[in-house]
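Take a look at the letters that make up each chain.
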Amino acid sequence: MDAKQVTHDVIIAGGGLVGSLAAVLLARQRPDLSIVVVEPQPQGPVPDKRTIALAAATVGLLQRQQLWQPLTEVAEAIQHIHVSDRGHLGATRLHAEQEGVEALGQVVPAAALNRVLYDAIAGLANVTWLAGARVSQLEQHSDFVAVTLAGETELQQLAGRLVVAADGQQSFVREAVGIQMQTTDYGQVGVIANVQLERDMDGWAYERFTDTGPLALLPLPNKQASLVWSVTEAQAEVMQQWSAATFVAELQQAFGYRAGRILSVGERFQYPLKLHLAERSVAHRVVVIGNASHTLHPIAGQGFNLGVRDAICLSQQLAHATDVGSYTTLADYRQQREGDYNSIIGLTDMLVRGFSNQHWPLTCARNLALLGLDALPPLRQAFARRTMGLAQMPSGVRTQEK
């Protein structure tokens, strides 16, 4: 295959949330580009059982792209956030009205957002969705990248000016171009589930730091909440043996009654909590985004929103690029993203380490920090803007502030 046989401008490996969003933003920004999304799922949008917290800046982007309206029936607004240290006085509260935004964030089913993005792609003439296929081979050339696809049908050959690796934490594309992944093991396991409450949460989200690690409850419709409970690996093994009634009782004990009585729990899932960070986000005519580039501890709900900003920044960098895979274009992208990575990954890593440690000097320090945030509006606002994604939003992107 030679440069004359280039089939597309951009090949996106992975049609999950970040890959699909990148396709929509790129296609709308550059209708002259030919884009293909390669997705192993045989048909329809990528299935995803997660519940995700969308930062205010992410919601603003979806609104501007006219992607938000279909989600309003299943979304639950976060109007208030309560952060506290179980058994100690330290606490801070964030309120949407005080921060000048309609909501601090929104909680939505990932499957619903996947469907909205999939439908949006179906309406874009310059995007091709290849279902039931995955990248099985990749060769970088000076002016293009040759890609071999494997699937249920015979092998396909594609060539593009740029390959976007949005194929998840176990990214084949990232490994194929020799980008190593650095891993920090927190020695924790995330237990996720939906729980039924006695009363509505009224727009409150809770981040509660317990002896085992952070415990978050996010509001859902119909008096439900999305739970993310960080525990030690040993405790996770014990939890697997718990009945639903035991789980609810232990959760109530760990969290307390600030959100009222917990009545029942749905299906429970567990996954190890680790920080994964690619040593670099670009290679020759390849860019790595979303979970293929970084997976974070779920504390403060920053992981997906960091991937959203990858997609935004990439679309901006390609907006006027003559050669979308050129060294200059990708170097600019990498430089633009490094500050955000350092800021958010540093924040989440500090919170995990600082609030999963019961040594009294750290306990005192973090409680003083929480009290300081609550008492000093400038500090609280700076923290709020960072967690809402407003401080890190790529330049030129407007926010949905009041």
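Report follows, based on the coordinates. (Residues numbered from 1 in each chain as written. Predicted model: local features only at pLDDT ≥ 70, side-chain atom pairs only at ≥ 80, totals over all residues. Heavy atoms only, no water.)

1. As for the overall build of the chain
- Within the chain, the regular secondary structure consists of 11 helices and 20 strands.
- Long-range contacts, defined here as pairs at least 24 residues apart, represent 73% of the contacts in the chain between residues at least 6 apart. (Helix = DSSP H or I, 4+ residues; strand = E, 2+ residues; numbered from the N terminus. Contact = heavy atoms within 4.5 Å.)

2. Let's talk about helix α7 (residues 244-255)
- With 12 residues, α7 ought to run about 16 Å at 1.5 Å a step, and its terminal C-alpha atoms sit 16 Å apart, in line with that.
- Within the sequence span of α7, burial applies to Phe247, Val248, Leu251, Gln252, Ala254 and Phe255. Angularly, the buried residues of α7 cover 165° about the axis, an arc narrow enough to put them on a single face. Away from the buried face of α7 by more than 90 degrees, exposed residues Ala245 and Gln253 are located.
- Where α7 is buried, its residues contact β12 (181-197), β13 (204-209), β14 (214-220), β15 (224-232), α6 (233-239) and β16 (262-265).
- Within two residues after α7, Gly256 carries a phi angle of roughly 95°, on the positive side. (Expected span 1.5 Å × (residues − 1). Buried < 20%, exposed > 50% of the residue type's maximum accessible area, 1.4 Å probe, protein only. Arc of directions from axis to C-beta.)

3. Looking at unusual backbone geometry
- Even without glycine at this site, Gln66 takes up a positive phi of about 55°.
- Its location among the elements puts Gln66 in the loop between α2 (56-64) and β4 (76-78).
- One non-glycine residue with positive phi stands out, namely Asp202, at about 55°.
- Here Asp202 is to be found in the loop between β12 and β13.

4. Points about the packing of aromatic side chains
- Summed over the entire model, instances satisfying the criterion amount to 5 aromatic pairs.
- Judged by centre distance (6.1 Å) and plane angle (15°), the rings of Trp204 and Tyr206 are stacked.
- With a relative accessible area of 21%, Trp204 lands in the partly exposed category.
- The interplanar angle of 80° and the centroid separation of 5.6 Å between the aromatic rings of Tyr206 and Phe255 together place this pair among those described as edge-to-face. On the criterion of sequence distance, the pair formed by Tyr206 in strand β13 and Phe255 in helix α7 is long-range, its members being 49 residues apart. By the burial criterion, Tyr206 is buried, and Phe255 matches it.
- Three or more aromatic residues link up through ring pairs in this structure, and these residues are Trp204, Tyr206 and Phe255.
- Lying across the ring of Phe255, Arg208 places its NZ or CZ 6.0 Å from the centre. (Phe/Tyr/Trp six-rings, centres within 6.5 Å; stacked < 30°, edge-to-face > 60°. Lys NZ or Arg CZ within 6 Å of the ring centre and 35° of its normal.)

5. Here's the deal with the sheet that holds β4
- Here we have 3 strands laid out as an open sheet, ordered β3-β7-β4, and antiparallel in their pairing. Whereas interior strands pair on both sides, the edge strands pair on one side only; in this sheet they are β3 (51-55) and β4. Strand-to-strand, the axes of this sheet are offset by a mean angle of 30°, without reference to chain direction.
- Of the pairings in the sheet, the one linking β4 to strand β7 (residues 105-109) comprises 3 bridges and is antiparallel in character. (Pairing = 2+ DSSP bridges. Axes fitted to C-alpha atoms, helices over the stretch in contact; angles between N-to-C directions.)

6. A look at the pattern of salt bridges
- Scanning the model with the defined rule gives 10 salt bridges in all.
- In this structure, Arg30 and Asp32 form a salt bridge, with 2.8 Å as the shortest nitrogen-oxygen distance.
- Of the residues examined, Asp32 reaches a relative accessible area of 53% and is grouped as exposed.
- Of the charged contacts, one joins Arg309 and Asp340 as a salt bridge, the two residues approaching to 2.6 Å between their closest N and O atoms. Linking Arg309 in helix α8 (residues 303-317) with Asp340 in helix α9 (residues 327-355), this pair joins segments that are 31 residues apart in sequence. Taken individually, Arg309 and Asp340 each receive the classification buried, so the pair is uniform in this respect. (Salt bridge = Lys/Arg side-chain N within 4 Å of Asp/Glu carboxyl O.)

7. Some thoughts on the nonpolar core
- Counting 62 residues, the largest nonpolar core has Ile12, Leu54, Leu113 and Val287 as the members making the most contacts within it.
- One finds Val189, Met201, Leu251 and Ile262 within the second-largest nonpolar core, a separate group that totals 23 residues. (Core = buried A, V, L, I, M, F, W, Y, C linked by side-chain atoms within 4.5 Å.)

8. Brief notes about the pairing of strand β5 (residues 80-85)
- Across 5 bridges, β5 lies against strand β6 (residues 91-95) in antiparallel orientation. What sits directly across from Val83, in β6, is Thr92.
- Examined bridge by bridge, β5 and β13 share 6 bridges and lie parallel to one another. Bridge pairing links Ile81 to Ala205 in β13.

9. Points about the packing of helix α1 (residues 17-29) against helix α4 (residues 110-122)
- The interhelical angle for the contact between α1 and α4, taken along N-to-C directions, is 30°, at an axis separation of 9 Å. As the angle between them shows, α1 and α4 are arranged roughly parallel. Every pair of crossing elements has a handedness; the one defined by α1 and α4 is left-handed. Along its contact with α1, which presents Leu17, Ser20, Leu21, Ala23, Val24 and Arg28, the element α4 presents Ala110, Leu113, Asn114, Leu117, Ala120 and Ile121.
- Its residues placed into classes, the contact of α1 with α4 shows 9 nonpolar, 2 polar and 1 charged. (Parallel < 35°, antiparallel > 145°, perpendicular 65-115°, else oblique. Left-handed = near helix turned anticlockwise from the far one by under 90°. Nonpolar A, V, L, I, M, F, W, Y, C, P; charged D, E, K, R; others polar.)

10. As for the packing of α1 against α8
- α8 packs onto α1 with a crossing angle of 25° between their chain directions and a minimal axis gap of 9 Å. The angle between the axes of α1 and α8 places the two elements in the roughly parallel class. The way α1 lies across α8 gives a crossing that is right-handed. Taken together, the residues of α8 that come into contact with α1 (itself represented by Leu17, Val18, Leu21, Ala22, Leu25, Leu26 and Gln29) are Phe304, Gly307, Val308, Ala311, Ile312, Leu314, Ser315 and Gln316.
- Here the contact of α1 with α8 is composed, by residue class, of 11 nonpolar, 4 polar and no charged.

Any functional reading would require information beyond the geometric quantities listed.
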